[in-house]
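Inside the fold
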Amino acid sequence: MTSVFVVGRGDCESFCIVSIHRTREKALAVWNEQRLELLQKAREMLEWCKFERKPESSTQMYEREIRNLEETDPEKMDNYPHDCVSLLEYELED
């Protein structure tokens, strides 16, 4: 059987496939690009919350999201219910 690797992105309400790959290495590279994009967005939102003097609960949420997105192992990373990126392996049947 042949495996394919799916990179997906979603949150608690949605999920979409970003790309499908033949090798885990290529899928992992795309997964990391997506993770870094989400990480940058979370950092920008944290700075915005601090600048706008939003409630502490808002800054804590983004700080927690940043900690979660700093995980570089797709098996360990869990940012649910916020935006997250997944790396899934599927076996194709003949």
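Being a predicted model, the structure only gives us computed values, none of them experimental.

This paragraph deals with helix α1 (residues 24-51). With 28 residues, α1 should cover 40 Å at 1.5 Å per step; its first-to-last C-alpha distance of 40 Å lies within 8% of that length. Those residues of α1 that sit buried are Ala 27, Val 30, Trp 31, Gln 34, Arg 35, Leu 38, Leu 39, Ala 42, Leu 46 and Cys 49. Of the surrounding elements, those touching the buried residues of α1 are β1 (2-10), β2 (15-21), α2 (56-69) and β3 (84-92). Arg 53 lies just past α1 and shows a positive phi near 55°.

Counting across every chain of the model gives 0 disulfides. Cysteine Cys 12 is unpaired, with the sulfur of Cys 84 as its nearest cysteine sulfur at 9.3 Å. Take Cys 49: it sits in no disulfide, and the sulfur closest to it among the cysteines is that of Cys 12, at 18 Å.

The next subject is the sheet that holds β2. With antiparallel pairing, 3 strands are arranged side by side in an open sheet as β2-β1-β3. Two strands lie at the open edges of the sheet, namely β2 and β3, each paired on one side alone. The sheet shows a mean angle of 30° between the axes of neighbouring strands, taken without regard to direction. The sheet contact formed by β1 and β2 spans 6 bridges and is antiparallel. Opposite Arg 9, over in β2, you have Cys 16 as the bridge partner. Strands in contact with α1 are β1, β2 and β3; relative to β3, the strand with the most contacts, it is inclined by about 160°.

The rules behind the values
Residues numbered from 1 in each chain as written. Predicted model: local features only at pLDDT ≥ 70, side-chain atom pairs only at ≥ 80, totals over all residues. Heavy atoms only, no water. Helix = DSSP H or I, 4+ residues; strand = E, 2+ residues; numbered from the N terminus. Expected span 1.5 Å × (residues − 1). Buried < 20%, exposed > 50% of the residue type's maximum accessible area, 1.4 Å probe, protein only. Contact = heavy atoms within 4.5 Å. Disulfide = S-S within 2.5 Å. Pairing = 2+ DSSP bridges. Axes fitted to C-alpha atoms, helices over the stretch in contact; angles between N-to-C directions.

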